[in-house]
There are 2 protein chains.
Amino acid sequence: MYKAPVEEIAFTLNHVAGLGAALEEGRLGDLSGDLVDAILAEAGRFAGEEIAPLGESGDREGARLVDGKVITPKGWPALYKAWCEGGWNGLTGPQDFGGQALPHMLNVAALEMWNAASMAFALAPTLTMGAIEAVSKHGSDELKQTFLEKMVSGEWTGTMNLTEPHAGSDLGVLKSRAERVGDGAYRIFGQKIFITWGEHDAADNIIHLVLARLPDAPAGTRGISLFLVPKFLVNADGSPGERNDVFCHSIEHKLGIHGSPTCTMIFGDGKFGAEKGALGYLVGEENKGLACMFTMMNNARLAVGIQGVAIAEAATQKAVAYAKERTQGKAPGWQGSGMSPIIEHPDIARTLLTMKALTQGSRAICYACAHAIDLSHVTEGEEAKAWAERAALLTPIAKSFSTDAGVDVASMGIQVHGGMGFIEETGAARYLRDARIAPIYEGTNGIQAIDLVTRKLPLSDGAAVRGFIGELRGVAEKLAASNDAAFGTSAERLSAAIADLEAATDWLLETLAAGRQAEALAGATPYQRLFGLTLTGAYLATGALAAASDGAGEKRVALCRFAAENLLAETAALKDAVVGGAASLEAARVVLG
Amino acid sequence: MYKAPVEEIAFTLNHVAGLGAALEEGRLGDLSGDLVDAILAEAGRFAGEEIAPLGESGDREGARLVDGKVITPKGWPALYKAWCEGGWNGLTGPQDFGGQALPHMLNVAALEMWNAASMAFALAPTLTMGAIEAVSKHGSDELKQTFLEKMVSGEWTGTMNLTEPHAGSDLGVLKSRAERVGDGAYRIFGQKIFITWGEHDAADNIIHLVLARLPDAPAGTRGISLFLVPKFLVNADGSPGERNDVFCHSIEHKLGIHGSPTCTMIFGDGKFGAEKGALGYLVGEENKGLACMFTMMNNARLAVGIQGVAIAEAATQKAVAYAKERTQGKAPGWQGSGMSPIIEHPDIARTLLTMKALTQGSRAICYACAHAIDLSHVTEGEEAKAWAERAALLTPIAKSFSTDAGVDVASMGIQVHGGMGFIEETGAARYLRDARIAPIYEGTNGIQAIDLVTRKLPLSDGAAVRGFIGELRGVAEKLAASNDAAFGTSAERLSAAIADLEAATDWLLETLAAGRQAEALAGATPYQRLFGLTLTGAYLATGALAAASDGAGEKRVALCRFAAENLLAETAALKDAVVGGAASLEAARVVLG
């Protein structure tokens, strides 16, 4: 069973991702290290003791649609209530509406723990948090007054209604429509698919954020508006009232996250309410809906990235525990009696160390991204811009590298278990089933790569990415200067990776500048992985250097070295694919017919 | 729906794996190219039209244990009967017992098609073929007379009963026991787990091959004997008679291959028969059971490798079809009206081409392995030894590289489908669920790597592997000599990969010779992948050169180049991990606590 790695999480927050320094410098108000520790400890307890047991049973049971009602797994509504009562839903929520306005870093760390215990369960608040953010930033005062308090407390959950059958990655072609009915109100009509927690029995109301098109809207993405559509209209006293004209038509039969209902939602079918059309309220301006959605989507992308970290952590824990317990054969050099624990076999050790390195690397990337978001909020002017650009740059990498790591690590976890890994009751297979959605939703990892290359690299004419690479060089230099033999060739390996990243970055910026976009995009995915791997090396080194200096870092130094000497060499191949792969890819299109 | 790539299979057999030349040289008796084509065409038809539709429904339905009986999915018993009536079960079976004694290559090609249509279904005959081989090679004349005809026809299926709860990769510790009861008969007692098709309703009898230990057997693997234990004892007239004391206690709830019952078998519980103990007959000599099992296991390993190829092919077909149909966004340079098919987006094209290259590479490796087995049977002396060594060397690579490719390609296939890929009804997820067992069973891929490094590399003092690498050099030289610009830098890339393989091989042989086994084993898995990737490059080049010379090879040349310029660069990193990764791995054991 999952046990939250609270110390590791705290270490990564403080010594790798920058929280410690920010606290010392007083950049985060009166937040203290002690409070951080207390929050993490309690989140860890709740995740491990309360959520994790129901995560397993919830996966077996799954969400069900019965007579038009979505029934979540046994115990989940009560679990959700207890979780809300712990104040977890409002950790970063606005203080005016009952939130604690704590840094994103803390919420991301907590999200890691909720997701590791049950990704299907954690999806409910993840969506609510996104909806809170959209309403907070773009909603009218009236909308905020009516909805935010209940959403921040978690009494009401939120959803994001974007996808339609023909409109997934490309939202510009969506067909759902909205009609003005006066007084700032609209009637919404249409069908949305893949709506996470679109309908369920764990909260008193569900607040749908819905993208739709006004009758006179321009075509494409510039004609999309965002609407708030509650399941139950809200009475004058703030209580849920009449049922709105929206319902869940069906739920999907999915590979994983079985406890999370994935709904097809029908708006304006006339099933509920006196008048046809789901009553909705505009969020932000008409035809500016996509921009509103993007504000929240950035954080949602980070929240999905952390799902990858969470699954990787949980899968690694399970595999390490099994490999220590299961005995089989005799590993070279085994001196014990009988068979060795399989962890003694070099191949199993290699697999487990790779899992550890990918988990810790992706965790650091996600936390660093959250830190950049936090500092962009508490700083001003050029500094705020720089932090915002750092966050923008890190977001696609955090989303893609971590979710790929989630899938890969979960798959390795099954392998470590041998035949038992394929048996559902073991629990290792669930991690792979759950993990597999994360590279897809909130913008596929391919979309993230396009975003990284075409929108993030050009930030400040490339200065944002170049400045970041410069910082990574600083890490490699510190590593070289440490002169600690235990690092092996880590410094050289990290330097080489950074050089690969720099060469690929330069080539991409030049190629984009020359207008050869197809060529640049051909290498977008290898580039994204190159960036993530290099960051993994750099962040493991940062942690190892921080720990080494206080004399307790043997493990961190060893893991840094393992990653540098076994995983980082891939960067050369990735760089080659970026700068030299496009021509062969174009030529090979003929293969695809 | 899967459509067998009959032309591609025939091309790979003939022009990459060596069948064409062997036929021309008359090495395979009176087998003609026309007969090969006819067999492949009919196998392809049966797989695509008969098996594939029931593969999907069978996955949904799954095998069930009801009142002690295992019920396979609807239509499967009739499907199995039709398949047997086509003569497919006896393709390579002994002629004396109704088999056609055709080359292994043909059976491996056919197995690819059965598995692509339904891996769960194809497992039944896969296990039977292994049992036929064991009985043919090691069984007494009486056993052969009694059992082989019905097994070759497929009327009776076979199983392999190896694993026990505490004995998986390490069979030396198994506890099932056998008692002598005279007349060459034994009574078997014990529990076996993970027995594929151990019990079912599709055949009149089930012939279990069971590893067990005699009372006076030495400890460890040298004290294991192999027994044939029929579900129904055989009457004097050859018909199934009295029920033997063996039954299926439970079936597993698994991630995939839901149609294939994975049974826990109980022998000698006294549930059936007048006397306690399952009646069994010795196969081979007492205490030599493991050797008998290994004879058949080599072919079983290749048969599992081909499952990886099969899933990769089926997943690729589905993804390519979807990517041509699904439109979303506008790819760079897209001139059509509206959205582009997603296959136009460079990132999707890269994914699909990677899937194609891995599928064709692993197919060629498996077929080449089968060819080596075939030629080892029809040649003599040194030549036969060389072919047997080639087969021995290729077997772990065929098993591991192909099954890893199966998992990776199936996962990529889900990704190409976006959100639809996560929905079970789409069918892409099934491929990942099914594929995931193949790197585990028949010896985990980690066990394959140990086998490759410690037992196969030292064959003929390293001459076997060095000779093979020499042949690969020949391919690279031909490629360089072709002077065809369409190959891009394929020749250089392939040469570099071969150099990496050679350097890693030399290092491993030296390290083993120096007795530093732990160090060698630390790099076993990266070495195995390095070998597989290099072979992929070499075999794609072989095919492209063969096709280029007859002027119809544009696609093959382009795919060869894509693989060379995008996938082969990884070999440098793998070589580094082999020759330089052990120290950091050892040092990092402290991380695992």
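Residues numbered from 1 in each chain as written. Chains lettered and ligands numbered in written order. Predicted model: local features only at pLDDT ≥ 70, side-chain atom pairs only at ≥ 80, totals over all residues. Heavy atoms only, no water.

## So, the overall build of chain A
Next, step 1: For chain A, the helix and strand inventory stands at 19 helices and 12 strands.
Next, step 2: Its C-alpha atoms put chain A at 75 × 60 × 60 Å along the principal axes.
Next, step 3: In chain A, which comprises 593 residues, the proportion classed as buried is 63%.
Next, step 4: Excluding contacts between residues fewer than 6 apart, the proportion of contacts in chain A whose partners are at least 24 apart in sequence is 74%.
Next, step 5: Only carbon and sulfur atoms are counted for the fraction: they give 51% of the accessible area of chain A, which is about 20,300 Å².
Next, step 6: Averaging the locations of the 51 positively and 70 negatively charged side chains of chain A gives two centres separated by 5 Å. (Helix = DSSP H or I, 4+ residues; strand = E, 2+ residues; numbered from the N terminus. Buried < 20%, exposed > 50% of the residue type's maximum accessible area, 1.4 Å probe, protein only. Contact = heavy atoms within 4.5 Å. Areas by Shrake-Rupley, 256 points an atom, 1.4 Å probe, with all protein chains shown as cover. Lys, Arg positive; Asp, Glu negative; His and termini not counted. Charge placed at Lys NZ, Arg CZ, Asp CG, Glu CD.)

## Regarding the relation of the copies chain B and chain A
Next, step 1: Superposing chain B onto chain A takes a rotation of 180° plus a shift of 0.0 Å along the axis, which leaves an RMSD of 0.0 Å. What we have between these two chains is a two-fold relation. Within chain B, B:Glu570 has its C-alpha nearest the rotation axis, a separation of 3.1 Å.
Next, step 2: Looking at the interface residues of chain B, 100% of them are also at the interface in chain A, so both copies use one shared face. (Least-squares fit on C-alpha atoms with pLDDT ≥ 70 in both.)

## A look at the nonpolar core
Nonpolar side chains tend toward joint burial in soluble globular proteins.
Next, step 1: With 378 residues, the main nonpolar core has A:Trp114, A:Tyr527, B:Trp114 and B:Tyr527 as its most contacted residues.
Next, step 2: For A:Tyr527, the residues in contact, after removing those within four places along its chain, are A:Leu452, A:Val453, A:Leu457, A:Val465, A:Leu501, A:Ala504, A:Thr505, A:Leu508 and A:Val578. (Core = buried A, V, L, I, M, F, W, Y, C linked by side-chain atoms within 4.5 Å.)

## With respect to the interface of chain B and chain A
Next, step 1: Each side of the interface is counted separately: chain B has 86 residues, and chain A has 86 residues.
Next, step 2: With both chains or domains summed, chain B and chain A bury close to 7,300 Å², and 64% of this area falls on carbon and sulfur atoms.
Next, step 3: The interface formed by chain B and chain A includes two salt bridges.
Next, step 4: For B:Arg493, the salt bridge identified is with A:Asp576, shortest N-O distance 3.7 Å.
Next, step 5: Inspection of the region where chain B meets chain A yields 36 residue pairs in polar contact (both at pLDDT 80 or more).
Next, step 6: Taken together, the residues of the side of chain B that touches chain A break down into 42 nonpolar, 22 polar and 22 charged. (Buried area = accessible area lost by both parts, 1.4 Å probe. Salt bridge = Lys/Arg side-chain N within 4 Å of Asp/Glu carboxyl O. Polar contact = N/O pair within 3.5 Å; in protein donor to acceptor, adjacent residues only side chain to side chain. Nonpolar A, V, L, I, M, F, W, Y, C, P; charged D, E, K, R; others polar.)

## A look at the packing of helix α4 (residues 76-85) of chain B against helix α6 (residues 119-138) of chain B
All names here are of chain B.
Next, step 1: One way to put it is that α4 packs onto α6 with a least axis distance of 11 Å and a crossing angle of 50°. Considering their axes alone, α4 and α6 lie oblique with respect to each other. The two elements α4 and α6 cross, and the hand of that crossing is right-handed. Taken together, the residues of α6 that come into contact with α4 (itself represented by Trp-76, Leu-79, Tyr-80 and Trp-83) are Ala-120, Phe-121, Pro-125 and Met-129.
Next, step 2: Counted by class, the contact of α4 with α6 contains eight nonpolar, no polar and no charged residues. (Axes fitted to C-alpha atoms, helices over the stretch in contact; angles between N-to-C directions. Parallel < 35°, antiparallel > 145°, perpendicular 65-115°, else oblique. Left-handed = near helix turned anticlockwise from the far one by under 90°.)

## Here's the deal with the pairing of strand β6 (residues 205-212) of chain A
Residues and elements named next belong to chain A.
Next, step 1: Buried residues dominate β6, accounting for eight of its eight residues.
Next, step 2: Of the two faces of β6, the one carrying Asn-205, Ile-207, Leu-209 and Leu-211 and the one carrying Ile-206, His-208, Val-210 and Ala-212 are both buried.
Next, step 3: Of the strand pairs in this sheet, strand β3 (residues 156-161) and β6 are connected by six bridges, and their pairing is parallel. Along β6, the bridge assignment pairs Gly-158 with Ile-207.
Next, step 4: When β6 meets strand β7 (residues 225-230), the two strands line up antiparallel, connected through six bridges. If you follow Val-210 over to β7, its bridge partner there is Phe-227. (Pairing = 2+ DSSP bridges.)

## A word on the UniProt feature "domain: Acyl-CoA oxidase/dehydrogenase middle" (unreviewed entry) in chain A
Next, step 1: Mapped onto this numbering, the UniProt entry gives "domain: Acyl-CoA oxidase/dehydrogenase middle" (unreviewed entry) at residues 160-268 of chain A.
Next, step 2: When the span residues 160-268 of chain A is considered, its composition is 0% helix and 49% strand, and the gap between its end C-alpha atoms is 17 Å. (UniProt positions renumbered as here; feature names shortened; annotations may be inferred.)

## Examining the environment of B:Asn298
Next, step 1: Looking at where B:Asn298 falls in the secondary structure, it is placed in helix α8 (residues 289-325).
Next, step 2: In this view, B:Asn298 contacts B:Thr395 and B:Lys456; residues no more than four positions away in its chain are not counted.

## What to know about helix α13 (residues 463-482) of chain A
Next, step 1: Compared with the 28 Å implied by 1.5 Å per residue over 20 residues, the 29 Å span of α13(A) between its first and last C-alpha is a close match.
Next, step 2: A:Asn483 occupies a position one or two residues after α13(A) and carries a positive phi of about 55°. (Expected span 1.5 Å × (residues − 1).)

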